[in-house]
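Okay, here's what each chain looks like letter by letter:
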Amino acid sequence: GDGGGRWRVMSKDTHSVLFPTPRRPDSCKCDCHFLTAGLVAAAFLVLLGFSLPHLPEPLALEPATTAPEVTLLIWTHPFGRKRPLPDCLARYGVDGCVLTDDRFEYARADGVLVHHRDVAAGTAELPPEVGRPSGQKWIWLNYESPSHTPDLWRLEGRFNLTMTYRADSDIFLPYGYLVHKHGGGQPLSEPSRTSRPGLVAWVVSNWVDSQARVAFYYQLSQYIQVDVFGRAGHSIPEGLGSVVRLVKHYHFYLALENSQHTDYITEKLWNAVLAGAVPVVLGPTRKNYERFLPPEAFIHVDDFPSVKALALYLLALRRDPARLLGHLRWRTGFGLRQPAFWGEHYCTACRALRKNIGRTHVVRDLTRWFES
Ligand SMILES: *[C@@H]1O[C@H](CO)[C@@H](O)[C@H](O)[C@H]1NC(C)=O
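Analysis parameters
Residues numbered from 1 in each chain as written. Predicted model: local features only at pLDDT ≥ 70, side-chain atom pairs only at ≥ 80, totals over all residues. Heavy atoms only, no water. Helix = DSSP H or I, 4+ residues; strand = E, 2+ residues; numbered from the N terminus. Buried < 20%, exposed > 50% of the residue type's maximum accessible area, 1.4 Å probe, protein only. Areas by Shrake-Rupley, 256 points an atom, 1.4 Å probe, with all protein chains shown as cover. Expected span 1.5 Å × (residues − 1). Disulfide = S-S within 2.5 Å. Pairing = 2+ DSSP bridges. Contact = heavy atoms within 4.5 Å. Axes fitted to C-alpha atoms, helices over the stretch in contact; angles between N-to-C directions. Near = heavy atom within 4 Å. Polar contact = N/O pair within 3.5 Å; in protein donor to acceptor, adjacent residues only side chain to side chain. Salt bridge = Lys/Arg side-chain N within 4 Å of Asp/Glu carboxyl O. Phe/Tyr/Trp six-rings, centres within 6.5 Å; stacked < 30°, edge-to-face > 60°. Lys NZ or Arg CZ within 6 Å of the ring centre and 35° of its normal. Left-handed = near helix turned anticlockwise from the far one by under 90°. Nonpolar A, V, L, I, M, F, W, Y, C, P; charged D, E, K, R; others polar. Core = buried A, V, L, I, M, F, W, Y, C linked by side-chain atoms within 4.5 Å. Domains from an automatic or database assignment.

Caption draft 1: Layout of the overall build of the chain. Secondary structure assignment for the chain yields 12 helices and 14 strands. In the chain, which comprises 372 residues, the share counted as buried stands at 51%. A total of about 17,500 Å² of accessible surface is found on the chain, and carbon and sulfur atoms cover 54% of it.

The structure is reproduced here in structure tokens:
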């Protein structure tokens, strides 16, 4: 390839290189900043139940339903890894749901949750159409991006509800989402900068040269030090077991998605947020990220005319703690929720099933929708 054409470095005059205009962070330099922040926070609180503008609230609390108990059959354990099924009431406060992974329950299950990869890779069959109870709903469960979701065409016309990370799914549950700081998530505090010797970290387990993120890394590392961890780089040092603990030692974290698709924003971003590092993101558009977090909370690769300009911006931020803080101050009002794979997904699916019992849904154009 051409080394990732869209990341090719362009020459720019020094001023714009040193002071690129990331679209939002510095846009409000006056005292109005606090007022604006306050108003925005108030709007979140009052109007939107703490979710960000335009993002449907994943687990909006419903008034208690009087619908009868429902049974949800978990057709396969995702990726063949068998785990105990949770007690939805005890664990997630979800009432009236029975989960089972016993296929002998098929004929009496109100819903069947089908994880895409397991039926698409041919290791498991779809549930049988023969003997499918008329009121039964099949729920399509998938957390891979379209680039890693093969054989969608085989599933057309079979499903009733979708459950994915996409906000326009029938059942929306993202990899992570912000809540008000008292909203039950992990509180995000303004991180202390003192203990961060590192500049930029990247953890990558699946290195594929043709991916945009690898081209981006090659370019970025020409200008600044990027410490690479994971299967493709150093192993994560002893005692720093988790990605989050590792990233706490860095100012910036490369949250580069393996492919770029609508709403496909994974734990890579949320690991950085939890660690108090500023995420540098490569994924869907800036607008799309702004549905999930405040505009100044991340640095988007598209904010800059070149990778070199981005690199220089990161260096400038490191030299100027007050400016860096502009990317972190938002945190104090928020908490982070990260739904637990897969138990929370099961219970959330079951809750949606119970809510919709007696109604008919049909998923049309699964492929066209998911790939859009
Ligand atoms: C579920 O989807 C199937 C296939 O599209 C459809 O025939 C059936 O009527 C739907 N059932 C419900 C309960 O929505």
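Next comes the rest of the description.
Caption draft 2: Spatial organisation of helix α11 (residues 343–355). Between its terminal C-alpha atoms α11 stretches 19 Å, which fits the 18 Å expected from 13 residues at 1.5 Å a residue. For α11, the tally of buried residues reaches 11 of 13 residues, placing the bulk of the element in the interior. Here α11 has its buried residues at G343, E344, H345, Y346, C347, T348, A349, C350, A352, L353 and R354.

Caption draft 3: Region of interest: the state of the cysteines. Counted under the stated rule, the structure contains one disulfide. With a sulfur-sulfur separation of 2.1 Å, C88 is cross-linked through a disulfide to C347. Taking the torsion about the S-S bond as the criterion, the C88 to C347 disulfide, at about -85 degrees, is left-handed. Here C88 is found in helix α3 (residues 88–92), whereas its partner C347 is found in helix α11, with 259 residues between them in sequence.

Caption draft 4: Examining the sheet that holds strand β12 (residues 278–282) more closely. Reading across the sheet, the five strands line up as β10-β9-β11-β12-β13 and stay open at both edges, with parallel pairing between neighbours. Pairing within the sheet leaves two strands with one partner each, and these edge strands are β10 (226–229) and β13 (299–300). Bridge analysis of strand β11 (residues 250–256) against β12 gives five bridges, and the strand direction is parallel. Looking across to β12, one finds that Y253 is bridged to P279. Each of β11 and β12 touches helix α7 (residues 267–275); the most contacted strand, β11, lies at about 170 degrees to it.

Caption draft 5: A look at the site of the ligand. Around the ligand sit R132, S134, G135, K137, G157, R158, F159, N160, R359, T360, H361 and V362, and those are all the residues in its vicinity. Here an oxygen atom of the ligand sits 2.3 Å away from a polar atom, N or O, in the side chain of N160. The separation between an oxygen atom of the ligand and a polar main-chain atom of H361 is 2.8 Å. For the ligand, whose free accessible area comes to 360 Å², the fraction covered by protein is 72%.

Caption draft 6: Expanded view of the pattern of salt bridges. Inspection of every chain in the model, using the stated rule, returns 11 salt bridges. Across the pair R158 and E129 runs a salt bridge, and its minimum N-O distance is 2.7 Å. With R158 in the loop between β4 (137–142) and β5 (161–164) and E129 in the loop between α4 (116–120) and β4, the pair connects residues that are 29 residues apart, well separated along the chain. With a relative accessible area of 22%, R158 lands in the partly exposed category. Across the pair D365 and R368 runs a salt bridge, and its minimum N-O distance is 2.8 Å. Judged by its relative accessible area of 39%, D365 falls in the partly exposed class.

Caption draft 7: How the structure looks around the packing of aromatic side chains. In the structure shown here, the tally under the stated rule is 23 aromatic pairs. Look at W207 and Y217: their rings are 5.6 Å apart centre to centre, the planes differ by 80 degrees, and that puts the pair in the edge-to-face class. With W207 in the loop between β9 (198–203) and α5 (212–220) and Y217 in helix α5, this pair connects stretches of sequence that are 10 residues apart. In this structure Y217 comes out as buried when scored by relative accessible area, which is 15%. With a centroid separation of 5.2 Å and an interplanar angle of 40 degrees, the aromatic rings of F304 and Y313 are classed as tilted. Comparing F304 with Y313, the two get one shared label, buried. Lying over the aromatic face of W138, R132 brings its terminal NZ or CZ to 3.7 Å of the ring centre.

Caption draft 8: Looking closely at the packing of α5 against helix α9 (residues 307–319). Between α5 and α9, the shortest axis-to-axis distance is 9 Å and the interhelical angle comes to 60 degrees. Crossing hand, α5 versus α9: right-handed. Together, F216, Q219 and L220 of α5 and V307, L310 and A311 of α9 make up the contact between the two elements. Residues that form the contact of α5 with α9 fall into these classes: five nonpolar, one polar and no charged.

Caption draft 9: Geometry of the nonpolar core. Core analysis: the largest hydrophobic core is formed by 75 residues, its most contacted members being L72, L178, L269, W270 and L293. Summarising the domain contributions, this core has at least three residues from each of domain 1 (25–49 + 177–337) and domain 2 (70–173 + 340–370). Ignoring sequence-local partners within four residues, the contact set of L72 consists of V98, L99, T100, G111, V112, L113, I139, Y346, A349, C350 and L353. Within the second largest apolar cluster, 29 residues are counted, among which are L220, V278, V280 and A309.

Caption draft 10: Examining unusual backbone geometry more closely. The omega angle of the peptide bond from F341 to W342 is -5 degrees, so this bond is cis rather than trans. With respect to the helices and strands, W342 occurs in the loop between β14 (334–337) and α11. Residues other than glycine seldom take positive phi values, yet F79 does so here, at roughly 55 degrees. Mapping F79 onto the fold places it in the loop between β1 (70–74) and α3. A residue is classified by how much of its surface remains accessible, and F79, at 32% relative accessible area, is partly exposed. Located in the positive-phi region is D151, a residue other than glycine, with phi close to 60 degrees.

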